[in-house]
Amino acid sequence: MVDALPLCPSCSGEHTYEMSTLYVCPLCGFEWAASTPSDNETAPQGLVVKDAVGNVLADGDTVVVTSSIKVKGSPQGIKAGTKIRNIRLIDPVNGHDIDCKVDGFGAMLLKSSLVKKA
């Protein structure tokens, strides 16, 4: 056998076999891609956050609220069209992936699906 098959990454079993474009371990049932690209070729370069329209957002961008947002503990919410400057992207917390300061409300988290890039 010229071509040695890799060990199972899950259980380190040596009885792996090829099935189409996958390797399969019969011991634990784990399947993985036969041709794994190197880490530098396809690894995403950080967090990619898109706004309601599909534009990619970055730290420091200015965004505009697309629809009115109710704010818990406040009699009025954030109105559509409110401009928010200098946003900061964070790892999602309950779907909220933007950290910012809104005039009149203070610091808060927003969902990127409710804003568009200004």
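All values reported here derive from a predicted model rather than from experimental measurement. (Residues numbered from 1 in each chain as written. Predicted model: local features only at pLDDT ≥ 70, side-chain atom pairs only at ≥ 80, totals over all residues. Heavy atoms only, no water.)

1. Focus on the nonpolar core
To be explicit about the condition: Side-chain atoms within 4.5 Å link the members of a nonpolar core, which is a set of buried Ala, Val, Leu, Ile, Met, Phe, Trp, Tyr and Cys residues. Note on exposure labels: buried denotes an accessible area under 20% of the residue type's maximum, exposed denotes more than 50%, and partly exposed covers the range between, all computed with a 1.4 Å probe on protein chains only. Where helices and strands are cited, they refer to DSSP runs of H or I of at least four residues and of E of at least two residues respectively, numbered from the N terminus. Note on definitions: a residue-residue contact is assigned when non-hydrogen atoms from the two residues lie within 4.5 Å.
Formed by 16 residues in total, the largest nonpolar core has its most connected members in Leu57, Ile84, Ile87, Ile98, Cys100 and Leu110. Within the residue set of this core, elements represented by two or more residues are β6 (63–65), β9 (96–102) and β10 (106–110). No other element matches the three residues that β9 contributes to this core. If we ignore the near neighbours within four places in the chain, the residues touching Leu110 are Ile69, Ile84, His96, Asp97, Ile98, Cys100 and Val115.

2. Considerations on the sheet that holds strand β1 (residues 17–19)
Using the following cut-off: Here a strand pair is declared whenever DSSP counts at least two bridges between the two strands. Inter-axis angles, ranging from 0 to 180 degrees, are taken between N-to-C directions of lines fitted to C-alpha atoms, where helices are fitted over the stretch in contact.
With antiparallel pairing, the three strands of this open sheet are ordered in space as β1-β2-β3. With partners counted over all chains shown, the strands left at the sheet margins are β1 and β3 (31–33), one partner each. Neighbour-to-neighbour, the strand axes of this sheet turn through a mean angle of 35°, independent of strand direction.

3. Describing the environment of Lys117
Of note, Lys117 is situated in strand β11 (residues 115–117). Relative accessible area serves as the criterion here: at 36%, Lys117 is assigned to the partly exposed category. Separated by 64 residues in sequence, Lys117 and Val53 have C-alpha atoms that sit 8.3 Å apart. Once you skip the residues sitting within four places of it in the chain, Lys117 turns out to touch Asp51, Asn55, Val56, Leu57, Asp61, Thr62 and Val63.

4. A look at the confidence of the model for the protein chain
Formally: Per-residue confidence from the predictor is reported as pLDDT, a score between 0 and 100.
Considering every residue of the protein chain, the mean pLDDT works out to 85; 86% of them sit at 70 or more. Low pLDDT, under 50, characterises residues 36–44; the predicted model gives this stretch one contact beyond four residues in sequence or across chains.

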